[in-house]
Amino acid sequence: MERPRSVHHHIIPYFCLVSSSMLFWCTFFLVLLFTTTTHALVKLPENTTVPAVIVFGDSIVDAGNNDDMITEARCDYAPYGIDFDGGVATGRFSNGKVPGDIVAEELGIKPSIPAYRDPNLKPEDLLTGVTFASGGAGYVPLTTKLAGGIPLPQQLKYFEQYIAKLKAMVGEERTQFIIKNSLFVVICGSNDIANDFFALPPVQLHYTVASFTALMADNARSFAQTLYGYGARRILVFGAPPIGCVPSQRTVAGGPTRDCVARFNDASKLFNSKLSANIDALSTTLQDPTIIYIDIYSPLLDLILSPQQYGFKVGDKGCCGTGLIEVTALCNNYTAAVCPIRSDYVFWDSFHPTEKAYRIIVAKLFDKYFDRFF
Ligand SMILES: *[C@@H]1O[C@H](CO)[C@@H](O)[C@H](O)[C@H]1NC(C)=O
Ligand SMILES: *[C@@H]1O[C@H](CO)[C@@H](O)[C@H](O)[C@H]1NC(C)=O
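Cut-offs and rules
- Residues numbered from 1 in each chain as written.
- Chains lettered and ligands numbered in written order.
- Predicted model: local features only at pLDDT ≥ 70, side-chain atom pairs only at ≥ 80, totals over all residues.
- Heavy atoms only, no water.
- UniProt positions renumbered as here; feature names shortened; annotations may be inferred.
- Helix = DSSP H or I, 4+ residues; strand = E, 2+ residues; numbered from the N terminus.
- Buried < 20%, exposed > 50% of the residue type's maximum accessible area, 1.4 Å probe, protein only.
- Contact = heavy atoms within 4.5 Å.
- Areas by Shrake-Rupley, 256 points an atom, 1.4 Å probe, with all protein chains shown as cover.
- Pairing = 2+ DSSP bridges.
- Axes fitted to C-alpha atoms, helices over the stretch in contact; angles between N-to-C directions.
- Polar contact = N/O pair within 3.5 Å; in protein donor to acceptor, adjacent residues only side chain to side chain.
- Disulfide = S-S within 2.5 Å.
- Patch = residues over 30% accessible without salt bridge, like charges linked within 9 Å, V, L, I, M, F, W, Y side chains within 5 Å.
- Salt bridge = Lys/Arg side-chain N within 4 Å of Asp/Glu carboxyl O.
- Core = buried A, V, L, I, M, F, W, Y, C linked by side-chain atoms within 4.5 Å.

An unreviewed UniProt entry annotates the protein chain as GDSL esterase/lipase EXL1-like isoform X1 originating from Camelina sativa. Under the UniProt heading Sequence similarities (unreviewed entry), the note attached to the protein chain is "Belongs to the 'GDSL' lipolytic enzyme family."

A.B. asks: Would you mind showing me how to read the overall build of the protein chain here?
C.D. replies: The number of helices and strands found in the protein chain is 14 helices and 6 strands. Of all 374 residues assigned to the protein chain, the portion counted as buried reaches 54%. Considering only contacts within the protein chain whose residues lie at least 6 apart along the sequence, 72% involve residues at least 24 apart. When the accessible surface of the protein chain is split by element, carbon and sulfur atoms take 58% of a total near 16,400 Å².

A.B. asks: What am I meant to see in the sheet that holds strand β2 (residues 183–187) here?
C.D. replies: Think of a sheet as strands paired side by side through backbone hydrogen bonds, with each pair either parallel or antiparallel. Reading across from one edge, β1-β2-β3-β4 is the order of the 4 strands in this open sheet, with parallel pairing throughout. Looking along the sheet, the strands with just one partner apiece sit at the ends: β1 (53–57) and β4 (291–294). The mean inter-strand angle of the sheet, taken between neighbouring strand axes irrespective of direction, is 20 degrees. As paired elements, β2 and strand β3 (residues 234–238) share 5 bridges and run parallel to each other. For phenylalanine 184, the partnering residue across the bridge sits in β3 and is isoleucine 235. Across the sheet, helix α7 (residues 152–181) touches β1, β2 and β3, and the angle it forms with β1 is around 170 degrees. Strand contacts of helix α12 (residues 262–285): β3 and β4, with the helix running at about 165 degrees to β4, the strand carrying the most contacts.

A.B. asks: I keep staring at the side chain of threonine 143 and nothing clicks. Help me out?
C.D. replies: Mapped onto the fold, threonine 143 is located in helix α6 (residues 141–147). A polar contact is formed between the side chain of threonine 143 and the side chain of aspartate 192, at a distance of 2.6 Å. Once you skip the residues sitting within four places of it in the chain, threonine 143 turns out to touch Gly136, Gly138, Asn191, Asp192 and Asp196.

A.B. asks: Any chance you could explain the state of the cysteines here in plain terms?
C.D. replies: Two cysteines whose sulfur atoms are joined by a covalent bond form what is called a disulfide. Taken as a whole and judged by the stated rule, the model has 3 disulfides. The disulfide that involves cysteine 245 links it to cysteine 260, with 2.1 Å between the sulfurs. Between cysteine 245 and cysteine 260 the disulfide shows an S-S torsion of about 120 degrees. By sign, it is right-handed. Of this pair, cysteine 245 sits in the loop between β3 and α11 (247–253) while cysteine 260 sits in the loop between α11 and α12, placing them 15 residues apart in sequence. Across the disulfide, cysteine 319 is cross-linked to cysteine 339 (sulfur-sulfur distance 2.2 Å). Taking the sign of the S-S torsion, about -95 degrees here, the bridge from cysteine 319 to cysteine 339 comes out left-handed. Residue cysteine 319 is located in the loop between β5 (314–318) and β6 (345–347), and its partner cysteine 339 is located in the loop between β5 and β6; the two are separated by 20 residues in the primary sequence. Cysteine 331 supplies the cysteine sulfur nearest to cysteine 75, a cysteine that is in no disulfide, at a spacing of 8.6 Å. Residue cysteine 75 is classed as buried on the basis of its relative accessible area, which comes to 1%.

A.B. asks: Could you clarify how one ought to interpret a nonpolar patch on the surface in this entry?
C.D. replies: A cluster of nonpolar side chains, Val252, Ile325 and Leu330, forms an exposed patch at the surface whose accessible area comes to about 270 Å². By the secondary structure assignment, valine 252 is in helix α11. Look at valine 252 and you get exposed, because its relative accessible area is 57%.

A.B. asks: Help me understand the nonpolar core in this model?
C.D. replies: As a rule of thumb, nonpolar side chains are buried together in soluble globular proteins. One finds Val53, Leu107, Phe159, Tyr162 and Leu227 to be the most contacted residues of the largest nonpolar core, which totals 95 residues. Looking at which element gives the most residues to this core, the answer is α7, with 9 residues. Among all residues touching tyrosine 162, those that are not within four sequence positions of it are Ile54, Tyr116, Leu126, Gly129, Val130, Phe132 and Ile179.

Written as C-alpha coordinates, this is what we have:
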(Lines give C-alpha, C1' and ligand atoms only; values in the text may rest on other atoms or scores of the structure.)
(Ligands and ions follow the chains in the order given, each with its own letter.)
Protein backbone atom coordinates (compact mmCIF):
# COMPACT_ATOMS: atom_id res chain seq x y z
CA MET A 1 0.00 0.00 0.00
CA GLU A 2 1.19 3.46 -0.90
CA ARG A 3 2.22 5.74 1.94
CA PRO A 4 0.61 9.15 2.01
CA ARG A 5 2.91 11.91 0.92
CA SER A 6 2.59 15.55 1.46
CA VAL A 7 2.31 17.64 -1.65
CA HIS A 8 5.76 19.02 -0.98
CA HIS A 9 7.35 15.63 -1.36
CA HIS A 10 5.83 14.52 -4.57
CA ILE A 11 5.34 17.61 -6.64
CA ILE A 12 8.61 19.47 -6.17
CA PRO A 13 10.38 18.70 -9.41
CA TYR A 14 13.59 16.77 -9.07
CA PHE A 15 15.59 19.31 -11.06
CA CYS A 16 14.85 21.93 -8.41
CA LEU A 17 16.86 19.89 -5.99
CA VAL A 18 19.81 19.07 -8.21
CA SER A 19 20.48 22.16 -10.24
CA SER A 20 20.55 25.77 -9.17
CA SER A 21 21.03 26.86 -12.79
CA MET A 22 17.47 25.76 -13.33
CA LEU A 23 16.32 28.23 -10.72
CA PHE A 24 14.20 30.32 -13.08
CA TRP A 25 12.32 27.38 -14.58
CA CYS A 26 12.06 25.74 -11.25
CA THR A 27 10.44 28.82 -9.73
CA PHE A 28 8.17 29.18 -12.73
CA PHE A 29 7.15 25.55 -12.52
CA LEU A 30 6.51 25.66 -8.80
CA VAL A 31 4.38 28.80 -9.05
CA LEU A 32 2.41 27.13 -11.82
CA LEU A 33 1.93 24.01 -9.75
CA PHE A 34 0.87 25.77 -6.60
CA THR A 35 -1.60 27.93 -8.46
CA THR A 36 -3.13 25.16 -10.56
CA THR A 37 -3.02 22.05 -8.37
CA THR A 38 -6.16 21.35 -6.43
CA HIS A 39 -5.29 19.94 -3.06
CA ALA A 40 -4.97 16.20 -3.32
CA LEU A 41 -2.26 15.75 -0.81
CA VAL A 42 -2.42 12.03 -0.35
CA LYS A 43 -2.37 9.20 -2.82
CA LEU A 44 -4.95 6.46 -2.38
CA PRO A 45 -3.97 2.84 -2.97
CA GLU A 46 -4.69 1.53 -6.47
CA ASN A 47 -8.38 0.87 -7.16
CA THR A 48 -9.44 2.50 -3.91
CA THR A 49 -12.24 5.06 -4.04
CA VAL A 50 -13.42 7.29 -1.22
CA PRO A 51 -16.61 8.88 -2.53
CA ALA A 52 -17.41 10.98 0.52
CA VAL A 53 -16.41 12.07 4.01
CA ILE A 54 -19.30 11.79 6.46
CA VAL A 55 -18.90 13.39 9.86
CA PHE A 56 -20.56 13.18 13.27
CA GLY A 57 -19.81 14.72 16.65
CA ASP A 58 -19.31 18.10 18.29
CA SER A 59 -17.97 21.61 17.61
CA ILE A 60 -14.60 20.32 16.44
CA VAL A 61 -16.31 19.18 13.24
CA ASP A 62 -19.55 21.17 13.11
CA ALA A 63 -19.89 23.37 10.02
CA GLY A 64 -23.05 25.24 10.94
CA ASN A 65 -25.67 22.69 12.00
CA ASN A 66 -26.59 24.83 15.02
CA ASP A 67 -27.05 28.05 13.05
CA ASP A 68 -30.84 28.17 13.36
CA MET A 69 -31.01 26.85 16.90
CA ILE A 70 -31.41 28.54 20.23
CA THR A 71 -28.13 27.59 21.83
CA GLU A 72 -24.98 29.14 23.20
CA ALA A 73 -23.04 26.69 21.04
CA ARG A 74 -23.24 28.85 17.96
CA CYS A 75 -20.66 30.91 16.14
CA ASP A 76 -22.21 32.07 12.88
CA TYR A 77 -20.91 35.60 13.35
CA ALA A 78 -17.61 37.48 13.07
CA PRO A 79 -14.84 37.00 13.84
CA TYR A 80 -15.50 33.26 13.44
CA GLY A 81 -14.73 32.27 9.87
CA ILE A 82 -12.43 35.24 9.33
CA ASP A 83 -10.17 33.00 7.21
CA PHE A 84 -12.88 30.81 5.71
CA ASP A 85 -13.47 31.32 2.03
CA GLY A 86 -12.86 35.07 2.14
CA GLY A 87 -14.29 35.55 5.63
CA VAL A 88 -17.61 33.76 6.03
CA ALA A 89 -18.92 32.86 9.49
CA THR A 90 -20.51 29.56 8.50
CA GLY A 91 -20.90 28.22 12.01
CA ARG A 92 -17.51 26.51 12.04
CA PHE A 93 -15.91 26.93 15.46
CA SER A 94 -12.60 28.23 14.13
CA ASN A 95 -11.05 31.00 12.07
CA GLY A 96 -11.10 28.77 8.99
CA LYS A 97 -11.51 25.13 8.10
CA VAL A 98 -12.17 22.37 10.60
CA PRO A 99 -10.84 18.79 10.53
CA GLY A 100 -13.64 17.30 8.37
CA ASP A 101 -12.92 19.92 5.70
CA ILE A 102 -9.20 19.29 5.80
CA VAL A 103 -9.59 15.52 5.55
CA ALA A 104 -11.87 15.89 2.50
CA GLU A 105 -9.47 18.38 0.95
CA GLU A 106 -6.45 16.13 1.49
CA LEU A 107 -8.25 13.19 -0.06
CA GLY A 108 -9.01 15.38 -3.08
CA ILE A 109 -12.77 15.02 -2.59
CA LYS A 110 -13.79 18.66 -2.15
CA PRO A 111 -12.51 21.81 -0.42
CA SER A 112 -14.87 21.59 2.57
CA ILE A 113 -17.63 19.49 4.11
CA PRO A 114 -20.91 21.40 4.44
CA ALA A 115 -23.36 21.12 7.30
CA TYR A 116 -26.25 18.76 6.59
CA ARG A 117 -28.68 21.33 7.97
CA ASP A 118 -27.31 24.18 5.83
CA PRO A 119 -30.37 25.61 4.04
CA ASN A 120 -28.19 26.28 0.98
CA LEU A 121 -27.05 22.68 0.72
CA LYS A 122 -27.42 21.37 -2.84
CA PRO A 123 -28.51 17.80 -3.53
CA GLU A 124 -25.20 17.00 -5.25
CA ASP A 125 -23.32 18.02 -2.08
CA LEU A 126 -24.71 14.87 -0.47
CA LEU A 127 -22.77 12.63 -2.84
CA THR A 128 -19.39 13.77 -1.54
CA GLY A 129 -20.27 14.08 2.13
CA VAL A 130 -21.73 16.29 4.81
CA THR A 131 -21.31 16.80 8.53
CA PHE A 132 -24.05 16.06 11.04
CA ALA A 133 -21.91 17.29 13.94
CA SER A 134 -23.27 19.83 16.36
CA GLY A 135 -21.51 22.18 18.77
CA GLY A 136 -22.10 21.19 22.37
CA ALA A 137 -22.78 17.51 21.62
CA GLY A 138 -21.48 14.78 23.87
CA TYR A 139 -21.60 11.00 24.21
CA VAL A 140 -23.64 11.45 27.38
CA PRO A 141 -27.16 12.73 26.60
CA LEU A 142 -27.15 15.29 29.43
CA THR A 143 -24.07 16.99 27.93
CA THR A 144 -25.84 17.74 24.65
CA LYS A 145 -29.05 18.70 26.40
CA LEU A 146 -27.32 21.29 28.59
CA ALA A 147 -25.69 22.88 25.57
CA GLY A 148 -28.78 22.77 23.38
CA GLY A 149 -26.91 20.92 20.63
CA ILE A 150 -28.11 18.10 18.38
CA PRO A 151 -27.87 14.78 20.27
CA LEU A 152 -25.99 11.92 18.62
CA PRO A 153 -29.19 9.83 18.17
CA GLN A 154 -30.71 12.78 16.30
CA GLN A 155 -27.55 13.08 14.19
CA LEU A 156 -28.18 9.44 13.23
CA LYS A 157 -31.80 10.24 12.34
CA TYR A 158 -30.53 12.93 9.99
CA PHE A 159 -28.14 10.35 8.58
CA GLU A 160 -31.10 8.03 7.86
CA GLN A 161 -32.76 10.93 6.05
CA TYR A 162 -29.53 11.46 4.15
CA ILE A 163 -29.45 7.81 3.05
CA ALA A 164 -33.06 8.06 1.83
CA LYS A 165 -32.17 11.17 -0.19
CA LEU A 166 -29.14 9.44 -1.69
CA LYS A 167 -31.26 6.45 -2.70
CA ALA A 168 -33.77 8.73 -4.37
CA MET A 169 -30.94 10.42 -6.27
CA VAL A 170 -28.62 7.60 -7.31
CA GLY A 171 -30.43 4.36 -6.44
CA GLU A 172 -29.95 1.62 -3.90
CA GLU A 173 -26.77 0.09 -5.27
CA ARG A 174 -24.78 3.29 -5.66
CA THR A 175 -25.95 4.44 -2.21
CA GLN A 176 -24.63 1.25 -0.66
CA PHE A 177 -21.36 1.75 -2.49
CA ILE A 178 -21.05 5.31 -1.17
CA ILE A 179 -21.78 4.29 2.43
CA LYS A 180 -19.44 1.31 2.27
CA ASN A 181 -16.48 3.20 0.83
CA SER A 182 -16.74 6.60 2.44
CA LEU A 183 -14.67 7.74 5.37
CA PHE A 184 -16.76 8.19 8.52
CA VAL A 185 -15.27 10.57 11.07
CA VAL A 186 -16.60 10.70 14.64
CA ILE A 187 -15.20 13.35 17.00
CA CYS A 188 -16.87 13.81 20.36
CA GLY A 189 -16.21 13.63 24.11
CA SER A 190 -14.59 16.97 25.04
CA ASN A 191 -17.88 18.47 26.19
CA ASP A 192 -18.72 15.46 28.35
CA ILE A 193 -15.53 15.95 30.30
CA ALA A 194 -15.28 19.75 30.41
CA ASN A 195 -18.90 20.92 30.42
CA ASP A 196 -20.67 18.01 32.05
CA PHE A 197 -18.64 15.90 34.48
CA PHE A 198 -16.28 18.55 35.87
CA ALA A 199 -18.73 21.44 35.55
CA LEU A 200 -21.64 19.87 37.41
CA PRO A 201 -21.10 18.79 41.01
CA PRO A 202 -24.31 16.67 41.06
CA VAL A 203 -22.94 14.57 38.20
CA GLN A 204 -19.91 13.82 40.34
CA LEU A 205 -22.21 12.46 43.02
CA HIS A 206 -23.63 9.90 40.61
CA TYR A 207 -20.47 8.96 38.76
CA THR A 208 -16.80 8.49 39.39
CA VAL A 209 -14.38 9.53 36.66
CA ALA A 210 -14.06 5.83 35.91
CA SER A 211 -17.79 5.14 35.58
CA PHE A 212 -18.43 8.35 33.66
CA THR A 213 -15.68 7.73 31.11
CA ALA A 214 -16.88 4.12 30.81
CA LEU A 215 -20.36 5.39 29.96
CA MET A 216 -18.88 7.72 27.35
CA ALA A 217 -16.79 4.97 25.81
CA ASP A 218 -19.71 2.50 25.76
CA ASN A 219 -21.91 5.05 24.02
CA ALA A 220 -19.12 5.70 21.53
CA ARG A 221 -18.88 2.00 20.74
CA SER A 222 -22.66 1.73 20.24
CA PHE A 223 -22.49 4.71 17.92
CA ALA A 224 -19.77 3.13 15.78
CA GLN A 225 -21.68 -0.15 15.77
CA THR A 226 -24.82 1.63 14.58
CA LEU A 227 -22.86 3.21 11.73
CA TYR A 228 -21.61 -0.26 10.82
CA GLY A 229 -25.22 -1.46 10.81
CA TYR A 230 -26.02 1.20 8.20
CA GLY A 231 -23.28 -0.22 6.00
CA ALA A 232 -20.35 2.02 6.99
CA ARG A 233 -16.99 0.22 6.96
CA ARG A 234 -14.33 2.91 7.20
CA ILE A 235 -15.04 4.37 10.61
CA LEU A 236 -12.58 6.60 12.45
CA VAL A 237 -13.44 7.28 16.08
CA PHE A 238 -11.34 10.05 17.61
CA GLY A 239 -10.40 10.16 21.26
CA ALA A 240 -10.56 13.20 23.52
CA PRO A 241 -7.97 15.99 23.40
CA PRO A 242 -5.89 17.07 26.45
CA ILE A 243 -8.88 19.05 27.64
CA GLY A 244 -7.06 20.32 30.75
CA CYS A 245 -4.66 22.27 28.51
CA VAL A 246 -7.19 24.18 26.42
CA PRO A 247 -7.05 27.89 27.33
CA SER A 248 -10.49 28.19 29.00
CA GLN A 249 -9.89 25.19 31.26
CA ARG A 250 -6.47 26.53 32.30
CA THR A 251 -8.16 29.80 33.18
CA VAL A 252 -10.99 28.32 35.22
CA ALA A 253 -9.13 25.50 36.95
CA GLY A 254 -5.40 25.91 36.36
CA GLY A 255 -4.69 28.27 39.25
CA PRO A 256 -2.93 31.64 39.08
CA THR A 257 -0.30 30.36 36.65
CA ARG A 258 -2.91 28.78 34.36
CA ASP A 259 -1.30 25.37 34.36
CA CYS A 260 -2.77 22.44 32.47
CA VAL A 261 -5.40 20.86 34.71
CA ALA A 262 -4.10 17.40 35.49
CA ARG A 263 -7.41 15.87 36.60
CA PHE A 264 -9.10 16.97 33.36
CA ASN A 265 -6.27 15.53 31.29
CA ASP A 266 -6.37 12.34 33.33
CA ALA A 267 -10.08 12.01 32.58
CA SER A 268 -9.35 12.43 28.85
CA LYS A 269 -6.65 9.79 29.04
CA LEU A 270 -8.89 7.40 30.95
CA PHE A 271 -11.67 7.88 28.41
CA ASN A 272 -9.20 7.34 25.58
CA SER A 273 -7.92 4.08 27.01
CA LYS A 274 -11.48 2.76 27.37
CA LEU A 275 -12.51 4.05 23.96
CA SER A 276 -9.47 2.57 22.30
CA ALA A 277 -10.16 -0.83 23.90
CA ASN A 278 -13.85 -0.66 22.91
CA ILE A 279 -13.12 0.28 19.31
CA ASP A 280 -10.44 -2.40 18.97
CA ALA A 281 -12.87 -4.97 20.39
CA LEU A 282 -15.60 -3.85 17.99
CA SER A 283 -13.21 -4.04 15.07
CA THR A 284 -12.25 -7.57 16.08
CA THR A 285 -15.83 -8.73 16.67
CA LEU A 286 -17.04 -7.37 13.35
CA GLN A 287 -13.84 -8.49 11.61
CA ASP A 288 -13.51 -5.04 10.15
CA PRO A 289 -9.95 -3.70 10.45
CA THR A 290 -11.01 -0.26 9.23
CA ILE A 291 -12.91 0.62 12.39
CA ILE A 292 -10.11 2.58 14.00
CA TYR A 293 -9.50 4.53 17.20
CA ILE A 294 -7.55 7.72 16.46
CA ASP A 295 -5.39 9.31 19.14
CA ILE A 296 -5.68 13.07 19.01
CA TYR A 297 -4.41 13.60 22.55
CA SER A 298 -0.69 13.30 21.88
CA PRO A 299 -0.46 15.32 18.66
CA LEU A 300 -2.45 18.25 20.12
CA LEU A 301 -0.55 18.17 23.41
CA ASP A 302 2.66 18.34 21.43
CA LEU A 303 1.51 21.53 19.70
CA ILE A 304 0.40 23.07 22.98
CA LEU A 305 3.60 22.26 24.85
CA SER A 306 6.03 23.03 22.00
CA PRO A 307 4.28 25.65 19.89
CA GLN A 308 7.58 27.05 18.53
CA GLN A 309 8.46 23.70 17.06
CA TYR A 310 5.46 24.03 14.75
CA GLY A 311 5.82 27.71 13.87
CA PHE A 312 3.46 29.04 16.54
CA LYS A 313 4.22 31.61 19.23
CA VAL A 314 1.33 30.97 21.64
CA GLY A 315 -0.03 27.64 22.84
CA ASP A 316 -1.86 28.59 26.04
CA LYS A 317 -4.20 31.38 24.95
CA GLY A 318 -6.71 31.80 22.17
CA CYS A 319 -6.41 34.40 19.42
CA CYS A 320 -9.86 35.86 20.08
CA GLY A 321 -10.02 38.62 22.71
CA THR A 322 -7.82 38.14 25.77
CA GLY A 323 -7.58 34.49 24.75
CA LEU A 324 -8.26 33.44 28.33
CA ILE A 325 -11.97 32.72 28.24
CA GLU A 326 -13.63 33.96 25.04
CA VAL A 327 -15.50 31.25 23.19
CA THR A 328 -18.78 31.44 21.19
CA ALA A 329 -20.83 34.43 22.44
CA LEU A 330 -17.87 36.09 24.17
CA CYS A 331 -15.81 35.87 20.99
CA ASN A 332 -17.51 38.51 18.87
CA ASN A 333 -16.50 41.59 16.92
CA TYR A 334 -17.91 44.05 19.44
CA THR A 335 -16.15 43.10 22.64
CA ALA A 336 -13.22 40.95 21.55
CA ALA A 337 -10.38 41.99 19.26
CA VAL A 338 -8.77 39.43 17.00
CA CYS A 339 -5.06 38.84 17.60
CA PRO A 340 -2.82 40.48 14.98
CA ILE A 341 -1.28 37.27 13.60
CA ARG A 342 -3.63 34.30 13.65
CA SER A 343 -0.96 31.88 12.52
CA ASP A 344 0.96 32.55 15.75
CA TYR A 345 -1.74 30.75 17.74
CA VAL A 346 -2.51 27.09 18.33
CA PHE A 347 -5.98 28.10 19.58
CA TRP A 348 -8.47 30.33 17.80
CA ASP A 349 -10.77 30.85 20.79
CA SER A 350 -10.36 29.56 24.32
CA PHE A 351 -11.62 26.07 23.36
CA HIS A 352 -11.02 25.45 19.64
CA PRO A 353 -7.79 25.26 17.63
CA THR A 354 -6.96 27.45 14.63
CA GLU A 355 -7.14 26.07 11.11
CA LYS A 356 -3.35 26.04 11.08
CA ALA A 357 -3.24 23.79 14.15
CA TYR A 358 -5.93 21.50 12.70
CA ARG A 359 -3.93 21.18 9.47
CA ILE A 360 -0.80 20.14 11.32
CA ILE A 361 -2.73 17.61 13.38
CA VAL A 362 -4.52 16.11 10.37
CA ALA A 363 -1.19 15.79 8.56
CA LYS A 364 0.29 13.99 11.57
CA LEU A 365 -2.71 11.67 11.76
CA PHE A 366 -2.52 10.85 8.07
CA ASP A 367 1.14 9.99 8.53
CA LYS A 368 0.38 7.71 11.43
CA TYR A 369 -2.87 6.01 10.39
CA PHE A 370 -3.38 6.41 6.65
CA ASP A 371 -2.16 2.91 5.76
CA ARG A 372 -4.85 1.42 7.95
CA PHE A 373 -7.83 3.29 6.42
CA PHE A 374 -8.20 1.16 3.29
C1 LIG B 1 -7.03 -2.59 -10.30
O2 LIG B 1 -8.09 -2.85 -11.21
C3 LIG B 1 -7.66 -3.29 -12.48
C4 LIG B 1 -8.87 -3.39 -13.40
O5 LIG B 1 -9.93 -4.06 -12.76
C6 LIG B 1 -6.92 -4.63 -12.32
O7 LIG B 1 -6.43 -5.07 -13.57
C8 LIG B 1 -5.75 -4.43 -11.36
O9 LIG B 1 -5.11 -5.68 -11.11
C10 LIG B 1 -6.23 -3.84 -10.04
N11 LIG B 1 -5.06 -3.55 -9.19
C12 LIG B 1 -5.01 -3.95 -7.92
C13 LIG B 1 -3.76 -3.55 -7.15
O14 LIG B 1 -5.89 -4.57 -7.36
C1 LIG C 1 -14.70 41.72 12.43
O2 LIG C 1 -13.37 42.05 12.81
C3 LIG C 1 -12.37 41.62 11.90
C4 LIG C 1 -10.99 41.85 12.52
O5 LIG C 1 -10.90 43.07 13.11
C6 LIG C 1 -12.58 42.32 10.56
O7 LIG C 1 -11.58 41.88 9.65
C8 LIG C 1 -13.96 41.97 10.04
O9 LIG C 1 -14.23 42.69 8.84
C10 LIG C 1 -15.05 42.29 11.06
N11 LIG C 1 -16.28 41.73 10.58
C12 LIG C 1 -17.47 42.31 10.74
C13 LIG C 1 -18.66 41.60 10.16
O14 LIG C 1 -17.60 43.36 11.33
